There are 2 protein chains.
Amino acid sequence: MINIDLSNAIKEKDILSYQKKVNLINKMIIDKTGEGNDFLGWVDWPTNYPKDEVSNIVRVAHKIRKNYDVLLVIGIGGSYLGARSAIEALKGLRYKDDIEIIFFGQTFSGTYTKQVLDYLKDKRFAINVISKSGTTTESSIAFRLAKALLEKKVGKKEARKAIIATTDIEKGALLQLSTNEGYIKYVLPRDIGGRYSVFTPVGLFPMAVAGIDVLKFLEGAKKAQKEFANPDLKKNICYRYAVTRDFMYNHKKSVEMYVTYEPHMSQISEWLKQLFGESEGKNKLGLFPASATFSTDLHSLGQFVQDGTPLLFETILNVQKPLCDVKIPHDDKNLDGLNYLEGKTMAYVNDKAYKGTLSAHVNEGNVPCISINISEMNEANLGYLLYLFMRACAMSAYLLNINPFNQPGVEIYKKNMFHLLGKKGY
Amino acid sequence: MINIDLSNAIKEKDILSYQKKVNLINKMIIDKTGEGNDFLGWVDWPTNYPKDEVSNIVRVAHKIRKNYDVLLVIGIGGSYLGARSAIEALKGLRYKDDIEIIFFGQTFSGTYTKQVLDYLKDKRFAINVISKSGTTTESSIAFRLAKALLEKKVGKKEARKAIIATTDIEKGALLQLSTNEGYIKYVLPRDIGGRYSVFTPVGLFPMAVAGIDVLKFLEGAKKAQKEFANPDLKKNICYRYAVTRDFMYNHKKSVEMYVTYEPHMSQISEWLKQLFGESEGKNKLGLFPASATFSTDLHSLGQFVQDGTPLLFETILNVQKPLCDVKIPHDDKNLDGLNYLEGKTMAYVNDKAYKGTLSAHVNEGNVPCISINISEMNEANLGYLLYLFMRACAMSAYLLNINPFNQPGVEIYKKNMFHLLGKKGY
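Residues numbered from 1 in each chain as written. Chains lettered and ligands numbered in written order. Predicted model: local features only at pLDDT ≥ 70, side-chain atom pairs only at ≥ 80, totals over all residues. Heavy atoms only, no water.

A. Quick peek at the sheet that holds strand β2 (residues 70-74) of chain B. Residues and elements named next belong to chain B. Pairing is parallel in the open sheet, where five strands are placed in the order β3-β2-β4-β5-β6. One side of each edge strand has no neighbouring strand; the edge strands of this open sheet are β3 (100-104) and β6 (184-187). Recorded for the sheet is a direction-independent mean angle of 20° between the axes of neighbouring strands. Alignment of β2 against strand β4 (residues 125-130), held across five bridges, turns out to be parallel. By the bridge assignment for β4, Val-73 is matched with Asn-128. (Pairing = 2+ DSSP bridges. Helix = DSSP H or I, 4+ residues; strand = E, 2+ residues; numbered from the N terminus. Axes fitted to C-alpha atoms, helices over the stretch in contact; angles between N-to-C directions.)

Right under this line is the structure:
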């Protein structure tokens, strides 16, 4: 179960004042009539996804999971953040498992790349390479290196069986290579952009290899899809959140800080930064997306949030039940004075930290706080949550009159870089 | 070697216009006459640090390194961020080593805590517990749990040999416990606050256990201390950086984004967020400190930086030589079109990504960019760099008329939390 408490951020009448605009935009999203409408494949995906492909993913993932020490997931941006966020959210940061998932090809760092390659030398590893074109520079370099290492270790024939490509259905370098070599292929749909792709094979395959039930994950998204089709702002928690963001933006807030009290949820904030930052950050507009992990960062950013420049509001992912827990033990001497917490769980203490902080930030700090209360992190809740954010993002961007589905600004540095690298045509 | 290029952010005459103010504040720092002057122990520390204690740290660390699988470092805020940043910066994220360093007690998360405890069950582990008082809630709970596990595993006698406490010299729960039990103790100096403590045993012991040469690290800081004593803005790169931050703040920038092109440098940005955020974020003032790791985050935040709300400037930690590197191999078929990079290193490509991005952000995006160019990450350069930031932070905060050394705002949530937890006196 997921609910959103907006009472520390906005008044009910201010939410409802958006109803007409929201009705129009919701119709635009469903009828696919707004800007960027050729990238709205994600809207109905939880209902319409190709069932055969997902069954195949589950089957192949199970084999990979059984037969390898490591799955190397090669991708960047939307081909990286969704799967990583989902796996960490559902498994934790230090879980024990039969297979290790390593993300690769998301950097030009020689340090990171070399250290991962060294680590792989004595591991049995498979590769899931994710790229629409197969020519994204970071992930292409990484794939060249990893493929060469794998072929050297196990030979070309065995390597072919251990490489799974997620790419375009019709064209591109990776599709061609995969066809030539006979890799298993999954489709990265043409009408779904990278940051909206977590429910496609981009997210599903690595998640399934990590032992996650992707069908339940899709079910959660489907539930969200159904609920949010009705734009009634008295009920639609997704659009209520979207209009609150817009209201904040129009009332002198310039930074949305995603907050979690669970370190293994922090990667979701990175996914959110791409989702909202890349969707809205255009035409010199948009909320700057930042993040913090409390209580850790109460000991670093807490002072600023409480008492610094009043530019931010918080969107808190408040998970009520952790994946696992531990009780605070008794100590005879009680020098640390903690016996008053004896027998209490960490979750109990964490909840009080959340409530105490919320009150301090809202009441003393005048920081608007949005609480997204999540009963527990499981596949269905995560699917629901990520779909909620995607749909809220489309609504928010359209409220700003911005196309949520393009990213024209990211081409400039690439052109400069290709020119400096001496790439043909630049 | 470290230099700072400010030419993409400010004009020389605007830097020099600060000279008089800078002279006064520098004198305040050296003479310890400003607000918070009882927390200026860090200024001369690289010259005056206790040589015997550091020799002892090196010796003990060497033994721990040889005899254990894991060092559990328990601390939060300033007792956590410095050591972690330094170790990652100097070793990378996936280095192979004789001993593993795990940071613990920086969260109330049951998930994280339980998973780490489970992991430790079949490891030989030592503990470095870091706390001025020994009653910080997060780290005290963690220490209770870890100590109980250790004593259960190896008995009380062996456990005593495996616990090292870094704490106050004169009083507090952790000091008392350490004395009772006969733990090895290191001193957390009274005139140095948490976020300025990386050069004290707080940072040095975990670093030394990780195999880092802490004497070279301190040498680097000493070099910086000497150089930055002279406030001449034509030469003093530390104060040149500090006044540029102030200039940005006074010219409608509200977010400083720390950027690195090496994932293993990202934790430094977390340390910087505490340093600057907690020092300056008072009286409704201060730059909001954010961070990004490029090129990874060019595929997420890049669009916003290039073309979103123009509220930020970048401070880039540009490491010119990675810790290790790899060359891009030849591929006969060249389907990915990368053969034009054949034989080039990742560092070469990363440098072009940096330069191409800098030009795109500065010229097309109108984003001011400060480049801190670091020839390579080694102990001396890191010591120099961290001291530079600490001193720049003191200068920046004093320029805002803010006491850089207190953090009154972090008490409010704690009071609320203790009240909710039913702690006596709240």
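B. Structural detail: the packing of helix α9 (residues 201-209) of chain A against helix α10 (residues 214-229) of chain A. All names here are of chain A. It is at 10 Å that the axes of α9 and α10 come closest, and there the two elements cross at 140°. Our classification of the angle between α9 and α10 gives oblique. Taken together, the residues of α10 that come into contact with α9 (itself represented by Leu-204, Met-207 and Ala-208) are Val-214, Phe-217 and Leu-218. Its residues assigned to classes, the contact of α9 with α10 shows six nonpolar, no polar and no charged. (Parallel < 35°, antiparallel > 145°, perpendicular 65-115°, else oblique. Contact = heavy atoms within 4.5 Å. Nonpolar A, V, L, I, M, F, W, Y, C, P; charged D, E, K, R; others polar.)

C. Expanded view of the relation of the copies chain A and chain B. Turning chain A through 180° and shifting it by 0.0 Å along the axis lays it on chain B, with an RMSD of 0.0 Å. Such a turn and shift between the copies fits a two-fold axis. Within chain A, the C-alpha atom positioned nearest to the axis of rotation is that of Ala-290 of chain A, 3.3 Å from it. By residue overlap, the copies meet face to face through one surface: 99% of the interface positions of chain A are interface positions in chain B. (Least-squares fit on C-alpha atoms with pLDDT ≥ 70 in both.)

D. Summary view of the environment of Ile-2 of chain A. You can see Ile-2 of chain A is positioned in strand β1 (residues 2-5). As a C-alpha pair, Ile-2 of chain A and Glu-256 of chain A span 254 residues in sequence and 20 Å in three-dimensional space.

E. Just the pairing of β6 of chain B, in detail. All names here are of chain B. Two elements, strand β5 (residues 163-167) and β6, share four bridges in a ladder whose sense is parallel. Across the sheet, Thr-167 pairs through a bridge with Val-187, a residue of β6. As a crossover connection, the stretch from β5 through helix α8 (residues 173-181) into β6 is right-handed. (Right-handed = clockwise from strand over helix to strand, strands pointing away.)

F. Spotlight on unusual backbone geometry. Residue and element names in this part refer to chain A. That bond from Phe-294 to Ser-295 is cis: its omega, 0°, falls within 30 degrees of zero. Along the polypeptide, Ser-295 turns up in the loop between β8 (288-293) and α13 (302-307). Of note in this structure, Asn-366 is not a glycine but carries a positive phi near 55°. Take Asn-366: it is sitting in the loop between α14 (346-364) and β10 (369-376). Taking the relative accessible area as the measure of exposure, Asn-366 reaches 59% and is therefore exposed. (Buried < 20%, exposed > 50% of the residue type's maximum accessible area, 1.4 Å probe, protein only.)

G. Quick peek at the sheet that holds strand β8 (residues 288-293) of chain B. Residues and elements named next belong to chain B. Taken together, five strands build an open sheet; the order of strands is β1-β10-β9-β7-β8 and the sheet is mixed. Taken across any chain shown, the strands that pair with only one partner, and hence form the sheet edges, are β1 (2-5) and β8. The average undirected angle you get between the axes of adjacent strands in this sheet is 20°. As paired elements, strand β7 (residues 255-260) and strand β9 (residues 312-321) share six bridges and run parallel to each other. Of the residues in β9, the one forming a bridge with Tyr-258 is Thr-315. Contacts from helix α15 (residues 379-399) reach β1, β9 and β10 (369-376) within the one sheet, and its direction differs from that of β10 by about 155°.

H. Representation of the nonpolar core within the structure. In terms of nonpolar packing, the biggest core is built from 316 residues, with Phe-389 of chain A together with Phe-389 of chain B touching the most fellow members. Setting aside its immediate chain neighbours within four residues, Phe-389 of chain A contacts Tyr-241, Trp-271, Leu-272, Leu-275, Phe-276, Leu-317 and Ile-372 of chain A. (Core = buried A, V, L, I, M, F, W, Y, C linked by side-chain atoms within 4.5 Å.)

I. Structural context of the interface of chain A and chain B. Each partner contributes to the interface: chain A provides 125 residues, whereas chain B provides 125 residues. Interface of chain A and chain B: buried area, both sides summed, is about 10200 Å²; carbon and sulfur atoms make up 63% of it. Here chain A and chain B share six salt bridges between them. The interface formed by chain A and chain B holds 48 residue pairs in polar contact (both at pLDDT 80 or more) in total. Examining the composition of the side of chain A that touches chain B, we find that twelve residues originate from one element, α14 of chain A, more than from any other. Broken down by class, the residue content of the side of chain A that touches chain B amounts to 54 nonpolar, 44 polar and 27 charged. (Buried area = accessible area lost by both parts, 1.4 Å probe. Salt bridge = Lys/Arg side-chain N within 4 Å of Asp/Glu carboxyl O. Polar contact = N/O pair within 3.5 Å; in protein donor to acceptor, adjacent residues only side chain to side chain.)

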